[in-house]
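Read off the chains here:
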Amino acid sequence: MMARYRGRVKLVVLDTAGVVCDGPQDLRRQYPGDDGKGVKAPVVAFDEVLARHKLAVDWATIRKPMGLFKRTHLQRLLEDQRVSTLFEKQYGRPWAEKDLDTLFADFRPILDDVIVREDLARPIEGTKECIAALREGGMVIGCDTGYTASASGLLNAVLAKQYGIKFDVTTNAEDVKGRPSPFMVFDCMDKADIYPVEAVVKVDDTRAGMHEGRNAGAWTVGVYGSGNDTYEQLNEVEPDFLIPSIKYLPDIVYGQIEPRLRRGELPGQTISR
């Protein structure tokens, strides 16, 4: 029988919007539908592309599938009863796959533009300090996202150049099967040449991201104060830990996860709130 892993955390995989950047703020002057929550960039882009196609969808509805690859997110919106009814009323027929393809093709350049806007790309308070503190412990910092490959690349370049926030390994749901599957976590592990999965922490602000981490077998940390999902929503998925923002992550990693690893505990065994 193989002994349980009792070493240190080796890899921390961070979601971007709502964890690293694009936090909560009031931008109603720019975006009248703004709800004050974090993760505005994809909502703004979806809002714009749907409006171009004469589909008026509120931000609360747009947020429901957050965390999924953006084409899948768009499909879930079209499958929403209210949105599908709007589409049929506007076009006189149910939506079809070709409509999803058209909307997604129009969405891509909009997202590329929106994602790097200064207000939306700005890091959340404590992000740079958090990453530095984790690196001091020898941890590799990964990044995964439901964004398209191009949008993710543009955002990561801005974070590095303007704010000095760099990731050691990156992945996205266009190149690798996305949430709630575990494969983006595995992709980061492969690129960093890190195992076992018990040495990995997945951090996200969506239920889909928590499912991703749990399905991989990694430690899961839900961030409820700066992103899309609330404490109650994330709590439904039973992550290992819940924190209000990324600035509390080093305390969880060093003060909670690593001591549990030394005791031979596994991710998902103990639920802490």
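Relevant structure appears above.
Residues numbered from 1 in each chain as written. Predicted model: local features only at pLDDT ≥ 70, side-chain atom pairs only at ≥ 80, totals over all residues. Heavy atoms only, no water.

*Asks:* Just to check I follow, could you spell out the side chain of Asp144 for this structure?
*Replies:* Summarising the element assignment, Asp144 is placed in strand S2 (residues 140–144). Here the side chain of Asp144 touches Arg179 through a polar contact of 3.2 Å, side chain to side chain. Discounting chain neighbours no more than four positions away, the residues touching Asp144 are Val13, Leu14, Asp15, Thr16, Thr171, Arg179, Met184, Lys202 and Glu212. (Helix = DSSP H or I, 4+ residues; strand = E, 2+ residues; numbered from the N terminus. Polar contact = N/O pair within 3.5 Å; in protein donor to acceptor, adjacent residues only side chain to side chain. Contact = heavy atoms within 4.5 Å.)

*Asks:* Is there a simple way to explain empty space enclosed by the protein in this structure?
*Replies:* A water-sized probe, rolled over the atoms, reveals where empty space remains. Applying the stated criterion across every chain yields a total of one cavity of 30 Å³ or more. Quantified by volume, the largest cavity comes out at close to 90 Å³. Around the largest cavity sit 14 residues that line it, and Asp15, Ala17, Val39, Lys70 and Arg179 are the ones nearest its centre. Taken together, the residues that form the lining of the largest cavity break down as five nonpolar, five polar and four charged. (1 Å grid on protein atoms, 1.4 Å probe; cavity = no way out; pocket = protein on both sides within 12 Å on 5 of 7 lines; lining within 4 Å. Points joined across faces, edges and corners; volume = space filled by probe spheres on them. Nonpolar A, V, L, I, M, F, W, Y, C, P; charged D, E, K, R; others polar.)

*Asks:* Where do I start with the environment of Asp193 in this structure?
*Replies:* Mapped onto the elements of the fold, Asp193 is located in the loop between helix H9 (183–192) and strand S4 (200–204). Residue class for Asp193 comes out exposed when judged on its relative accessible area of 62%. (Buried < 20%, exposed > 50% of the residue type's maximum accessible area, 1.4 Å probe, protein only.)

*Asks:* Explain the side chain of Ser226 here, please?
*Replies:* Structurally, Ser226 can be placed in the loop between strand S5 (219–223) and helix H11 (231–235). A polar contact of 2.6 Å, which involves the side chain of Ser226, links it to the backbone oxygen of Gly18. When sequence neighbours within four positions are dropped, the list of residues in contact with Ser226 reads Gly18, Asp22, Gly23, Pro24, Gly38, Ile124 and Pro244.

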